[in-house]
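# Observations on chain architecture
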Amino acid sequence: MAVGEVMRMEIPAGGDLTVTSPELHVLAVDDSIVDRKVIERLLRISACKVTTVESGTRALQYLGLDGDKGASHLKDLKVNLIVTDYSMPGLTGYDLLKKLKESSAFREIPVVIMSSENILPRIEQCLKEGAEDFLLKPVKLADVKRIKQLIMRNEAEECKTLSHSNKRKLAQDIDTTSPSSSSSSHDDSSLKDFPSSKRIKSESENLSSLL
Amino acid sequence: MDALVAQLQMQFRDYTISLYQQGFLDDQFTELKKLQDEGSPDFVAEVLSLFFEDCVKLIGNMARALDQTGTVDYSQVGASVHQLKGSSSSVGAKRVKGLCVTFKEYCEAKNYEGCVRCLQQVDIEYKTLKTKLQDMFNLEKQIIQAGGIVPQVDIN
């Protein structure tokens, strides 16, 4: 499978060729220390590197998006996925999502929102703003596995477009791909339609940027 | 030794099941146990320890917010209740979570007596859970010290 091989080739200005390991590096944002501990473990057990921060502001600082020009460490700590709580004091998860999508450097990083409240307008708002998916708390292992599969599959499809550049074939593949079923006990039937349509939208955006 | 281990394991099994049956713990606690292994043998105890510290902090906030001579800021109380509801949900502390749901309703209704009652109840409830879990962890320790392994308990 393509994902186990090279996912990204980064060639910084210094000239070193860095091949990113296939392990995802996830930035988890949550103001609750209990939830940070749990999400960190869920992600580690799912073979991800994890960095946890306690607020949206800290997340932006970590990414170097807060105006601090000390961004030279960023290449080593490349973030492949951001998982954030929705309700946080100060910058909410939604605010963080918007800031990330507004930034040219970070808009490509998939963002997953977590919330203890199953509020459909909230979910729709986040997905519309570009969130990859929405997890209902308490988060379970099955949820994290599903997200990881989703992210890895998106990355694999990106690699395919780089090697094939066949837009029509890729669109057909996405149409026939159904979202992996979650063994989570949450009622996420309202979400089943969203992830695949979101993927179709983001894939065509990726492609148009390549052309 | 084997007879002792078997006896302890049975005690542990019965005790764990009773905690679920009496509504102290729910499914999410089971989920946390899945995350524990030889590499992280104390994960559940660590998370619960953080949770109980959180309880002390948040209940303190609620008590202070309700103690305002004059107007009580119910949104402030509600914010702490919401946080406690979240963390209790994340660790499977079912009774604490249930109380937080009720507490939140009283906050929204700005019902002072209701809030004070809930505050007292939630304080008792988390302390009760803490004692029960301590007993459960002690049983685990005894099993291991007697040379046995802690059995997986099937709740269903």
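Residues numbered from 1 in each chain as written. Chains lettered and ligands numbered in written order. Predicted model: local features only at pLDDT ≥ 70, side-chain atom pairs only at ≥ 80, totals over all residues. Heavy atoms only, no water.

## Concerning the overall build of chain A
We count it as follows: Secondary structure elements follow DSSP: runs of H or I of four or more residues count as helices, runs of E of two or more count as strands, with numbering from the N terminus. Partly exposed describes any residue whose relative accessible area lies between the buried limit of under 20% and the exposed limit of over 50%, with all areas from a 1.4 Å probe on protein chains only and scaled to the type maximum. Throughout, a residue-residue contact means that at least one pair of heavy atoms, one from each residue, lies within 4.5 Å. Accessible surface area values rest on a Shrake-Rupley calculation with a 1.4 Å probe, where residue burial reflects the displayed protein chains alone.
Along the backbone of chain A there are seven helices and seven strands. Element order for chain A, N to C, with α for helix and β for strand: β-β-β-α-β-α-β-α-β-α-β-α-α-α. Within chain A, the fraction of its 211 residues that count as buried is 48%. Partitioning the contacts of chain A with sequence separation of at least 6, the portion at a separation of at least 24 is 63%. Element-wise, carbon and sulfur atoms account for 52% of the exposed surface of chain A, whose accessible area totals about 10,600 Å².

## Points about the UniProt feature "modified residue: 4-aspartylphosphate" (unreviewed entry) in chain A
Residue and element names in this part refer to chain A. We apply this condition: UniProt positions are given in the numbering used here, feature names are shortened, and annotations may be inferred rather than shown by experiment.
Annotation from UniProt places "modified residue: 4-aspartylphosphate" (unreviewed entry) at Asp85. Along the polypeptide, Asp85 turns up in strand 5 (residues 81–85). If sequence neighbours within four positions are ignored, Asp85 has contacts with Val29, Asp30, Asp31, Gly93, Met114, Ser115 and Lys137.

## Brief notes about the pattern of salt bridges
Residues and elements named next belong to chain A. Put simply, the test is: In the sections that follow, a salt bridge refers to a side-chain nitrogen of Lys or Arg positioned within 4 Å of a carboxyl oxygen of Asp or Glu.
Here the structure, examined in full by the defined rule, presents 16 salt bridges over all chains. With a shortest N-O distance of 3.2 Å, Arg122 and Glu117 are connected by a salt bridge. Salt-bridge contacts for Arg146 lead to Asp133; the nearest nitrogen and oxygen are separated by 3.0 Å. Here Asp133 lies in strand 7 (residues 133–136) and Arg146 lies in helix 5 (residues 141–164), a separation of 13 residues in the sequence. Judged by relative accessible area, Arg146 falls into the buried class, the value being 13%. One salt-bridge network, held together by shared partners, links Asp30, Asp35, Asp85 and Lys137.

## Focus on the sheet that holds strand 7 of chain A
Residue and element names in this part refer to chain A. What counts is decided by this rule: At least two DSSP bridges between two strands are needed for those strands to be called paired. Helix axes use the C-alpha atoms of the stretch in contact, all axes being lines fitted to C-alpha atoms, and the angles between their N-to-C directions lie in the range 0 to 180 degrees.
Strand order across the open sheet formed by five strands is 4-3-5-6-7, with parallel pairing between neighbours. In the strand order of this sheet, the two ends are held by strand 4 (49–53) and strand 7, each with one partner. Geometrically, the sheet is characterised by an average inter-axis angle of 20° between neighbouring strands, direction not taken into account. Where strand 3 (residues 25–29) meets strand 5, four bridges bridge the pair, whose relative direction is parallel. From the neighbouring strand, Val29 faces strand 5, where its bridge partner is Thr84. Packed onto the sheet, helix 1 (residues 33–45) meets strand 3, strand 4 and strand 6 (111–115) and runs at close to 170° relative to strand 4. This element, helix 4 (residues 120–129), spans strand 6 and strand 7 of the sheet and lies at about 145° to strand 7.

## Quick look at the nonpolar core
Proteins that are soluble and globular tend to have nonpolar side chains buried together. Which entries qualify depends on this criterion: In plain words, nonpolar cores are sets of buried Ala, Val, Leu, Ile, Met, Phe, Trp, Tyr and Cys residues tied together by side-chain atoms within 4.5 Å.
Ranked by size, the top nonpolar core spans 70 residues in total, and within it Leu32, Leu48, Phe51, Val77, Leu84, Phe103 and Leu133 of chain B carry the most contacts. Broken down by element, the residue count for this core peaks at 13 residues, all from helix 3 (residues 43–66) of chain B. Not counting the four nearest positions on each side in its chain, Phe51 of chain B is found in contact with Val34 of chain A together with Leu84, Ser87, Ser88, Val91, Ala93, Val96 and Leu129 of chain B. By size, the runner-up hydrophobic cluster in this structure holds 25 residues, among which are Tyr62, Val111, Ile113 and Ile123 of chain A.

## Considering the confidence of the model for chain A
Here is the rule: Every residue gets a pLDDT, meaning the predictor's confidence in that residue, from 0 to 100.
Residue-level pLDDT values for chain A average 77, and 62% of them are 70 or greater. Note that pLDDT drops below 50 for residues 180–211 of chain A; the model gives that stretch 48 contacts with residues more than four away or on any other chain.

## A look at the UniProt feature "domain: HPt" (unreviewed entry) in chain B
The UniProt record annotates "domain: HPt" (unreviewed entry) at residues 40–147 of chain B. Strand forms 0% of residues 40–147 of chain B and helix 84%; the C-alpha atoms that close the span are 19 Å apart.

## What about the environment of Gln76 of chain B?
Mapped onto the fold, Gln76 of chain B is located in helix 4 (residues 74–91). Between the alpha carbons of Gln76 of chain B and Asn111 of chain B there is a distance of 14 Å; along the sequence they are 35 residues apart.

## Observations regarding the interface of chain A and chain B
Here is the rule we go by: Computed with a 1.4 Å rolling probe, the buried area is the accessible surface lost when two parts are put together, summed over both parts.
Taken together, the 18 residues of chain A in the interface contact 22 residues of chain B. A buried area of about 1,600 Å², summed over both sides, lies between chain A and chain B, and 60% of it is on carbon and sulfur atoms. The three residues of chain A that bury the most area against chain B are Val34, Lys37 and Arg41 of chain A, which together make up 36% of that side's buried surface. One can count four salt bridges joining chain A with chain B.

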